[in-house]
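Topology and contacts: notes
Each chain, letter by letter, is given below.
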Amino acid sequence: MLLRGGIVFSVFSVAFMAAPAMAGVDLAAADACIQGRIEAGKPVLECIEAASADCAANGPEASSTAAVCFREVRDGWSAGIKGLLDKVGATGSDDIATIAAIEVKYDILTGLLQCDRMEELAKAVSDQSAEVILRQKSQCEAAASGNAYARLFWRSRDVK
């Protein structure tokens, strides 16, 4: 089953053009945050946003720097997704691992579709610079990956 998770992650790596160094997300802190929010019955958005806080702190004049930062965060979430899929593949049944891979695939694709929509709208009807639009899309992609990670984390929480 490890192969299926690896194939799914390979598709995501190509789609995200993931870099080998994953320095953008502290997954242990994110896991603790997500777990705490789940136990409290609260949304996990705060945890996902916290991972991008340093990137968001870059002002509009540093949009290119922020875009690179958001890509690193996105790549960190992608590495986390791969790790969770590997864990599910190693400890769950083949059916569960297959379901997890399909669910995360479509969670990411749904998020990326919304990012593309927002980018297209911004290019069509706004006077924002290309750098600002790139920053917004990169931020959206990081959030889409973070959301997919959080959903997979929640779904796989009982896998030992």
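Keep in mind that what you see is a predicted model, and the values were worked out from it rather than measured. (Residues numbered from 1 in each chain as written. Predicted model: local features only at pLDDT ≥ 70, side-chain atom pairs only at ≥ 80, totals over all residues. Heavy atoms only, no water.)

1. Some thoughts on the overall build of the protein chain
Secondary structure assignment for the protein chain yields seven helices and zero strands. Secondary structure of the protein chain in N-to-C order comes out as α-α-α-α-α-α-α. In the protein chain, which comprises 160 residues, the share counted as buried stands at 40%. For the protein chain, the accessible surface area stands at approximately 8700 Å², while carbon and sulfur atoms represent 60% of it. (Helix = DSSP H or I, 4+ residues; strand = E, 2+ residues; numbered from the N terminus. Buried < 20%, exposed > 50% of the residue type's maximum accessible area, 1.4 Å probe, protein only. Areas by Shrake-Rupley, 256 points an atom, 1.4 Å probe, with all protein chains shown as cover.)

2. Side note on the packing of aromatic side chains
Scanning the entire structure with this criterion turns up two aromatic pairs. With a centroid separation of 5.2 Å and 40° between ring planes, the pair formed by W77 and Y149 is classed as tilted. Of the two residues, W77 sits in helix α5 (residues 63–91) while Y149 sits in helix α7 (residues 130–155), which places them 72 residues apart along the sequence. Of the residues examined, Y149 reaches a relative accessible area of 2% and is grouped as buried. (Phe/Tyr/Trp six-rings, centres within 6.5 Å; stacked < 30°, edge-to-face > 60°.)

3. Some remarks on the pattern of salt bridges
Under the counting rule described, the total for this entry stands at ten salt bridges. The partner of D86 in a salt bridge is K82, with the nearest N and O atoms 2.7 Å apart. Of this pair, D86 and K82 both sit in helix α5, four residues apart, which is roughly one turn of that helix. Classification of K82 by relative accessible area gives partly exposed; the value is 30%. Residues participating in the shared-partner salt-bridge network are E103, D107, R151 and R155. (Salt bridge = Lys/Arg side-chain N within 4 Å of Asp/Glu carboxyl O.)

4. With respect to helix α2 (residues 27–40)
Across its 14 residues, α2 extends 20 Å between first and last C-alpha, which sits within 8% of the 20 Å expected from 1.5 Å per residue. For α2, the set of buried residues is A30, I34 and R37. With its buried residues spanning 65° around the axis, α2 presents them on a single face. Within α2, the exposed residues directed more than 90 degrees away from the buried face are A28, A32 and E39. You can read the cap of α2 off the contacts: a side-chain oxygen lies 3.2 Å from the backbone nitrogen of A28, and it is on D26. The positive-phi residue at the C-terminal boundary of α2 is G41, with phi of around 70°. (Expected span 1.5 Å × (residues − 1). Arc of directions from axis to C-beta. Polar contact = N/O pair within 3.5 Å; in protein donor to acceptor, adjacent residues only side chain to side chain.)

5. A closer look at the environment of I38
Structurally, I38 is set in helix α2. Residue classification places I38 among the partly exposed positions, given a relative accessible area of 22%. The residues touching I38, leaving out its near neighbours within four places in the chain, are V44, F153 and W154. (Contact = heavy atoms within 4.5 Å.)

6. Some points on the state of the cysteines
Taken as a whole, this structure holds three disulfides when the rule is applied. Put simply, C33 and C47 are joined by a disulfide, and their sulfur atoms are 2.0 Å apart. Its torsion about the S-S bond being -80°, the disulfide of C33 and C47 is classed as left-handed. Of the two residues, C33 is situated in helix α2 and C47 in helix α3 (residues 45–51); the sequence distance between them amounts to 14 residues. A relative accessible area of 25% means that C33 is categorised as partly exposed. With relative accessibility at 2%, the residue C47 sits in the buried group. The disulfide that involves C115 links it to C140, with 2.1 Å between the sulfurs. Sign of the S-S torsion, about -90° for the bond between C115 and C140, identifies this disulfide as left-handed. Residue C115 is located in helix α6 (residues 94–125), and its partner C140 is located in helix α7; the two are separated by 25 residues in the primary sequence. The residues C115 and C140 share a single accessibility class, namely buried. For the protein chain, the disulfide bridges join cysteines in the arrangement 1-2, 3-4, 5-6, where the cysteines are counted in sequence order. (Disulfide = S-S within 2.5 Å.)

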